[in-house]
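Structural characterization, general
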Amino acid sequence: MKTTITVNGQARSLDLDTRTSLLDALREHLNLKGTKKGCDHGQCGACTVLVNGERINSCLSLAVMHDGHEVTTIEGIGGEDSLHPMQQAFLTQDAFQCGYCTPGQICSAVGMLKEAAENWPSWVTDDLDGAVALSDSEIRERMSGNICRCSAYPQIIAAIRDVAGEVA
Amino acid sequence: MSSVKDWAAPNPVTENRSGIIGKGVDRYEGKLKVTGTAAYAYEVEPPSAPAYGYLLAATIAKGRITAIDTAAAEASPGVKLVWTHLNVPRQARRGERINPRSQRPSNPALAGDRIEFFGQPVAFVAADTWENARAAANLIAVTYAAEPAVLDFRASLDQAEMPQGEEDVLIGDFEGAYAKAPAQIDETYFSPLQNHVQMEPCATTAWWEGDKVTVHTSIQMVKGGQHSLAETLAIPSEKVHLLTRYIGGGFGGKGQAYDDLVLAALGAQALGQPLKLSYTRQQMFQATIHRPAVSMRVRLGAEPDGRLNAFAVEAITHCARSAPFVEHAANFSRNLYAAPNRLTGHRLVKMDIPHAGPMRAPGEAPGMLSLECAMDELAEKLGIDPIELRLRNEPDVDPETGKPFSIRQLTECLNTGAQRFGWSRRNPKPGQVRDGRWLVGMGMAAAIRGNFLLPAKAGVRIDGTGIITLRQGMTDIGTGTYTILAQITAETMGVTMDQVKIELGDSEFPPAPGSGGQFGAATAGSAAFEANMNLRKALAELAIGDPNSPLYGGDPTYVTFGNGNIAIENRSESLATLVSRAAPEGVYVEGAISPAADARDYSQHTYGGHFAEVGVDTVTGEVRMRKMFGVFAAGRILNAKTAKSQVTGGMIWGVGAALTEGNVVDNRYGSFINQDMAGYLVPTHADIVDLDAIFLEEADDKANPMGIKGVGELGICGAGAAVANAIYNACGVRLRDFPMTPDKVLEGLMAKGL
Amino acid sequence: MRPFTYERPTDVAAAVKAVAATPGAKFLAGGTNLLDLMKLDIEQPTHLVDVNRLPLAGIEDTPQGGLRIGSMVTNSHLAADARVRSRYSVLTQAIVSGGSGQLRNKATAGGNLLQRTRCAYFYDPSKPCNKRHPGSGCSAMEGLNRNSAIFGASDACIATHPSDMAVALTALGAGVETMTADGATRSLAVADLHRLPGDTPHLETNLAAGELITAVILPPAPPGGQVYRKARDRASYAGGLASVAVVGNQVAFGAVAHKPWRAEKTEAALAGGASAVEAAHAELAGAQDNGKNGFKIALVARMTADALGQASPGRGA
């Protein structure tokens, strides 16, 4: 089935099996292998990408559902010579070990900061009518859809806090 | 063979003149990982478009395949081949070894009609796309004749036998001393099956060029994988080029090859086309190894002042009938506390569930959950602070062997940790600290994990531009190997980090044993150090023998390396100048390390202290971590940042072991009921609050030339026990059955009338 | 995953017609549950009708003082809506207690209601399951049923409905609007949307074949405090062991039955002046366990009493 998806700013036309997940379209058809397959069932977050600016699990979405959408993957967040502040913060804080969950963590963190800036609530938001203050507790809860089995959690929170501080 | 005495002399790493050793430099491969450009096994670009494989797994625990219908699969769109035990290409028989030097024997896939565990691969499909391969695999109809199977560990404890070649360690008169002890603890602790849950599933990309196969696979041990594949295919090992440059987590679960390796290689050969094959997440749970469950009886007999007179840790564990493995959960206790009368040992139940095998800190990880909780129980019984109880049982020499410790800073770890954590805030009486509907408590535990050095080699080359490239058949599974090897190389050669390149994970590089048992840094690092020392020698000789060098004719004893230069006092030139002039093709040397002849004269371990604060929800029984702090002593630390990440990661595994992790076997089917990441719960961000760790200053000159030790497993050792002890201190509920889930805690709260 | 064809209509009637016209067709909304199950061959649609771009993504005030929520509003947008947060905080809390940020950005109001059980045996195609294969048996009954139902289970099925959102909607007395295969619209209460398993656990809702949920209707919030409590094995990104929604004197439980469980006996006891503890026990007296899920009875009783107290601090314990 013919589908055109704008990936990292470039319109990409594909002819895909309807069964192809957005994740597999990125990895196997567009050679964007930074997006990882950890569980393929929405249980780990390694496949997180931004679709029209919002983070989703690309494994639980069909590529054909995204015709006309804007997808941002880790490759679109920043490259080796143009690290996004979040990527630099992950590097500085040692916020990863094996690196397999890392692109998903970074995409998720970028999407999460936007959600918090738009004052979306979370499970740990006490005052639903007030402005969300991005405490460590808020960051942790909002990032909990990204499992890191190496368990770099304290370092990831530190990295996100660094970037959130700069943005604020 | 060398002696540990040779290692005590100062050397470039211990002198650390440019200060690179110990510095928290960013990860060598970090930019690749944060940009998603590090290519893991399934992501490597093959020379031409690959075919895609998919595995079908057995759905009984034990028995035989009586019929297997592949017609629908073979007729399914895009399918290139369907293999079962009936038509898989010939492989060497399981366990065969043509080359006696092979580290691993043959490990054939789809090798027969026998089913030995639920999840065992029974068919393999290759197709033009992954979607087509998956759809076809699910069209295969397998008929089984099931046979009675041993599936229930708790019901089989009385069938446990002494593992082959082992015996109990009995010192003094344990039973007599225990019977007379004024204070006794006799409790049994249970740690369940656990799963590694590496984020990257096992995967292989394979292709052939002539009679040589290239496999990119996710494995911790390069040589083991290469030899296993060569033996299975019955080809010489040099015809297998195995690469494993980036590994998405191993934790012991990728210490061996699985069927993806051989089937990818065979499939690529049959198709004349590269092939990619990955396990699914569910297959990772069922069809790779797991940490076995352990039932541990601890008996402590103490004097009123807390001194242990009788000490026993007896562990019963299990393994697959066809894959012997012993989780040595009692071993650690042989070196931890003084007690004149001792009994430790293991018993094993052979079962028909998937293979048990090593998982991060095999032995210690479940084992310390028993003794370190029992010590807490003894401390309470005697009214002694749990730290003080441990200090009163601190041995002068190894309590089992009488050997001296190479260095032992357990006392310092506990005292420093107590102070930094604020242990004095702890109310020794449980159930006293309220915070709304939460009861809050603190617990601690000691940590111990052995340190090891294995034989290893490394090769190092300097080229005419002064770039130094270290190559080693070693792996970096997230542990920081790339980075510490770069630091060792830079410091030893007196160059900056950007003048160093590290290349790992290739069977054609000088071999190292790989990542496991927290021996990686010491082993690979020491070999790299020796290679660099040999390069220093070679360059010194080159300069002194070269009439065009300012060092010409000098005394090699006085040659120094620093700032990218080689020098004798004020005579110097840059390494690039020297090599480009005197050896324009570059200089390549190798180095090797092996254990010292007298290393075993010392009891050599890494140590730590864990401190945890938890809240227990008095309404629901939910336990949530509030704070955790660890203090560790593990030799000289090569990289403050990556080493700390290793131990804090381990501590978080301890939180998982204490609160959520456990595979549950359905005893009717022999399968794990929680076979995905929604069912097997590892900690999330929200579960980990205010967790930190520090290292004590240390250098262990009995360990290796650099005085470094492993840190990859120390962090998990005892961590879960600190959490369990904190639960008790919070609410007075003493659980001995891990993990401590809300249902268990709630039952305890209700029994106390809470 | 079996092959299927795909279409993406842009108006509601066309979408409904498309499913009605194609045997084996299913609606595809967020996909976070349907695709999950298709990968395991548990769901095997031959045709998917993607409803994500239907004009059903708005939230409007109703003349009655409630809200009409388009069924394609994502969970995240619903939870973040200022009106929902201030008037229906229990709904926001329930939604943000479920899944992860990524899942909530994809999952829709309609899809959330129609998600299927997370029973481990349902998810394992190698095991008998009356939901997957009617008549094959229930593996959970004698199995590891820690997460199973304590209310309304049958001999055929002890699975639970996993939604958090639906529990809050049930406590709020919300309804849904649908379009049936013949293009007609109808309304039903969320409490009447899901079925108990009985002898037909594979039939999970009272929707007819090809019927599409087009909106969720919130009535004006009743007076009184709103609380959503959820107990789970880990702090986040985990299904509930049990949950309790309290809206004034209206109470519903989650993860304890084949449907969101309206605690009518608790409500009646409250109306009769019972204390929070008494009211909680009024409902739980009728709970039944299957072995490993017995803890849920005490758990829900304690959570309910506590939540009632939190919702109305003046209420007697």
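Residues numbered from 1 in each chain as written. Chains lettered and ligands numbered in written order. Predicted model: local features only at pLDDT ≥ 70, side-chain atom pairs only at ≥ 80, totals over all residues. Heavy atoms only, no water.

All names here are of chain C. Of all six residues making up strand β10 (residues 242-247), six are buried, and the element is well covered by its neighbours. Residues A242, V244 and V246 point to one face of β10 and S243, A245 and V247 to the other, with burial holding for every one of them. Examined bridge by bridge, strand β9 (residues 226-231) and β10 share six bridges and lie antiparallel to one another. Note that in β10 the partner of V227 across the bridge is V246. Here β10 runs beside strand β11 (residues 250-254); their pairing, made up of five bridges, is antiparallel. (Buried < 20%, exposed > 50% of the residue type's maximum accessible area, 1.4 Å probe, protein only. Helix = DSSP H or I, 4+ residues; strand = E, 2+ residues; numbered from the N terminus. Pairing = 2+ DSSP bridges.)

With that settled, consider the interface of chain A and chain C. Listed as interface residues are 39 residues of chain A and, on the opposing side, 43 residues of chain C. Here D40 of chain A ties to K39 of chain C by a salt bridge, and the two come within 2.8 Å at their closest N and O atoms. Applying the counting rule to chain A against chain C returns 24 residue pairs in polar contact (both at pLDDT 80 or more). Taken together, the elements giving at least two residues each to the side of chain A that touches chain C come down to β4 (54-57) and α4 (102-117) of chain A. Across the side of chain A that touches chain C, the residue classes break down as 14 nonpolar, 17 polar and eight charged. (Contact = heavy atoms within 4.5 Å. Salt bridge = Lys/Arg side-chain N within 4 Å of Asp/Glu carboxyl O. Polar contact = N/O pair within 3.5 Å; in protein donor to acceptor, adjacent residues only side chain to side chain. Nonpolar A, V, L, I, M, F, W, Y, C, P; charged D, E, K, R; others polar.)

A few words on the domain arrangement of chain B. All names here are of chain B. Split by domain assignment, chain B resolves into domain 1 (4-38 + 455-467 + 487-594) and domain 2 (363-452 + 600-751). The C-alpha centroid of domain 2 is placed 38 Å from the C-alpha centroid of domain 1. On the side of domain 2, 26 residues touch domain 1, which itself brings 27 residues to the contact. Across the interface of domain 1 and domain 2, roughly 2,100 Å² is buried in total on both sides, 57% from carbon and sulfur atoms. Inspection of the region where domain 1 meets domain 2 yields one salt bridge. Close ionic contact of D26 with K641 constitutes a salt bridge, the shortest N to O distance being 2.5 Å. For the interface between domain 1 and domain 2, the tally reads 15 residue pairs in polar contact (both at pLDDT 80 or more). Elements supplying a minimum of two residues to the side of domain 1 that touches domain 2: α1 (4-7), α2 (12-15), α13 (481-493) and α14 (520-544). It is α14 that contributes the most residues to the side of domain 1 that touches domain 2, seven residues altogether. Looking at the side of domain 1 that touches domain 2, its residues break down into 13 nonpolar, 10 polar and four charged. (Domains from an automatic or database assignment. Buried area = accessible area lost by both parts, 1.4 Å probe.)

Moving on, we get to the packing of aromatic side chains. Tallied over the full model, the rule gives 17 aromatic pairs over all chains. Taking 4.9 Å as the distance between ring centres and 10 degrees as the angle between the ring planes, the aromatic pair formed by F151 of chain C and W261 of chain C counts as stacked. Residue F151 of chain C is found in the loop between α7 (109-113) and α8 (165-172), and its partner W261 of chain C is found in strand β12 (residues 261-262); the two are separated by 110 residues along the sequence. The buried category is assigned to F151 of chain C, whose relative accessible area is 2%. One Lys or Arg, R27 of chain B, reaches over the ring of F96 of chain A and ends 5.8 Å from the middle of that ring. Just above the ring of Y669 of chain B sits the side chain of K127 of chain C; from NZ or CZ to the centre is 4.9 Å. (Phe/Tyr/Trp six-rings, centres within 6.5 Å; stacked < 30°, edge-to-face > 60°. Lys NZ or Arg CZ within 6 Å of the ring centre and 35° of its normal.)

Let us now look at helix α10 (residues 364-382) of chain B. End to end, α10 of chain B covers 26 Å across 19 residues, agreeing with the expected 27 Å (1.5 Å per residue, within 8%). Positioned one or two residues after α10 of chain B, G383 of chain B has a phi angle of 70 degrees, which is positive. (Expected span 1.5 Å × (residues − 1).)

With that settled, the discussion passes to the sheet that holds strand β6 (residues 141-146) of chain B. Sheet strands line up and pair through hydrogen bonds in the backbone, either parallel or antiparallel. Residue and element names in this part refer to chain B. As summarised here, the arrangement of the three strands in space is β4-β2-β6, forming an open sheet in which the pairing is antiparallel. Both outer strands of the open sheet, β4 (114-115) and β6, are each paired with one neighbouring strand and no more. Taken together, the six bridges between strand β2 (residues 63-69) and β6 define a ladder with antiparallel strand orientation. Its bridge partner lying in β6, I68 is registered against V142.

With that settled, consider empty space enclosed by the protein. Inspection of the entire model under this criterion finds nine cavities of 30 Å³ or more. The volume enclosed by the largest cavity comes to roughly 100 Å³. Every residue lining the largest cavity is listed: R55, E115, W120, P121, S122 and R142 of chain A together with S76, A79, V96, G101, R104 and N105 of chain C. When residues of the lining of the largest cavity are traced back to their parent elements, those giving at least two are α3 (75-80) and α6 (101-106) of chain C. Among the elements that make up the lining of the largest cavity, the one with the highest residue count is α6 of chain C (three residues). Of the residues that constitute the lining of the largest cavity, the class distribution is four nonpolar, four polar and four charged. (1 Å grid on protein atoms, 1.4 Å probe; cavity = no way out; pocket = protein on both sides within 12 Å on 5 of 7 lines; lining within 4 Å. Points joined across faces, edges and corners; volume = space filled by probe spheres on them.)

Moving on, we come to the packing of helix α11 (residues 276-284) of chain C against helix α12 (residues 295-311) of chain C. Residue and element names in this part refer to chain C. Relative to each other, α11 and α12 sit at 145 degrees, their axes nearing to 8 Å. Seen along the crossing, α11 lies across α12 with a hand that is right-handed. For the pair α11 and α12, contact is made by A276, V277, A279, A280, H281 and L284 and by I297, V300, A301, T304, A305 and L308, respectively. Residues belonging to the contact of α11 with α12 are distributed by class as follows: 10 nonpolar, two polar and no charged. (Axes fitted to C-alpha atoms, helices over the stretch in contact; angles between N-to-C directions. Left-handed = near helix turned anticlockwise from the far one by under 90°.)

What follows concerns the sheet that holds strand β17 (residues 438-450) of chain B. Residue and element names in this part refer to chain B. Ordered by their spatial adjacency, five strands build an open sheet running β16-β17-β25-β26-β29, and the pairing between neighbours is mixed. Each having just a single partner strand, β16 (434-435) and β29 (691-695) make up the two edges of the open sheet. Where strand β26 (residues 623-633) and β29 come together, five bridges link them in parallel fashion. By the bridge assignment for β29, F629 is matched with D692. This element, helix α16 (residues 640-659), spans β25 (605-617), β26 and β29 of the sheet and lies at about 135 degrees to β29.

Residue and element names in this part refer to chain A. Relative to each other, helix α3 (residues 85-93) and α4 sit at 125 degrees, their axes nearing to 10 Å. Between α3 and α4, the crossing angle belongs to the class labelled oblique. Judged by the twist between their axes, the crossing of α3 over α4 is right-handed. Side by side, α3 and α4 meet where M86, Q87 and F90 of the first sit next to T102, Q105, I106, A109, V110 and L113 of the second. Tallied by class, the residues present in the contact of α3 with α4 amount to six nonpolar, three polar and no charged. (Parallel < 35°, antiparallel > 145°, perpendicular 65-115°, else oblique.)

Our focus in this paragraph is the state of the cysteines. Residue and element names in this part refer to chain A. Counting across every chain of the model gives zero disulfides over all chains. No disulfide involves C39; its sulfur sits 3.9 Å from that of C44, the nearest cysteine. Considering cysteine sulfurs only, C148 is the nearest to C101, which forms no disulfide, with 3.9 Å between them. (Disulfide = S-S within 2.5 Å.)

Bringing the side chain of D40 of chain A into the picture now. You can see D40 of chain A is positioned in the loop between α1 (22-29) and β3 (48-51). Assessed through its relative accessible area of 8%, D40 of chain A is described here as buried. A distance of 2.8 Å separates a polar atom in the side chain of D40 of chain A from a polar atom in the side chain of K39 of chain C. Setting aside residues no more than four positions away along its own chain, D40 of chain A makes contact with L23, C59 and L60 of chain A, W130 and R134 of chain B together with K39 of chain C.

Right, let's get into the pattern of salt bridges. Opposite charge on two side chains lets them pair, provided their charged atoms get close. Residue and element names in this part refer to chain B. What the rule picks out here adds up to 75 salt bridges over all chains. One salt bridge connects R449 with E364, and the closest N-O pair in it is separated by 2.8 Å. Within this pair, whereas R449 is found in strand β17, its partner E364 is found in helix α10, the two being separated by 85 residues in sequence. E364 shares its class with R449; the two are buried. In this structure, a network of salt bridges that share partners links the residues E187, D376, E377, R734 and R736.

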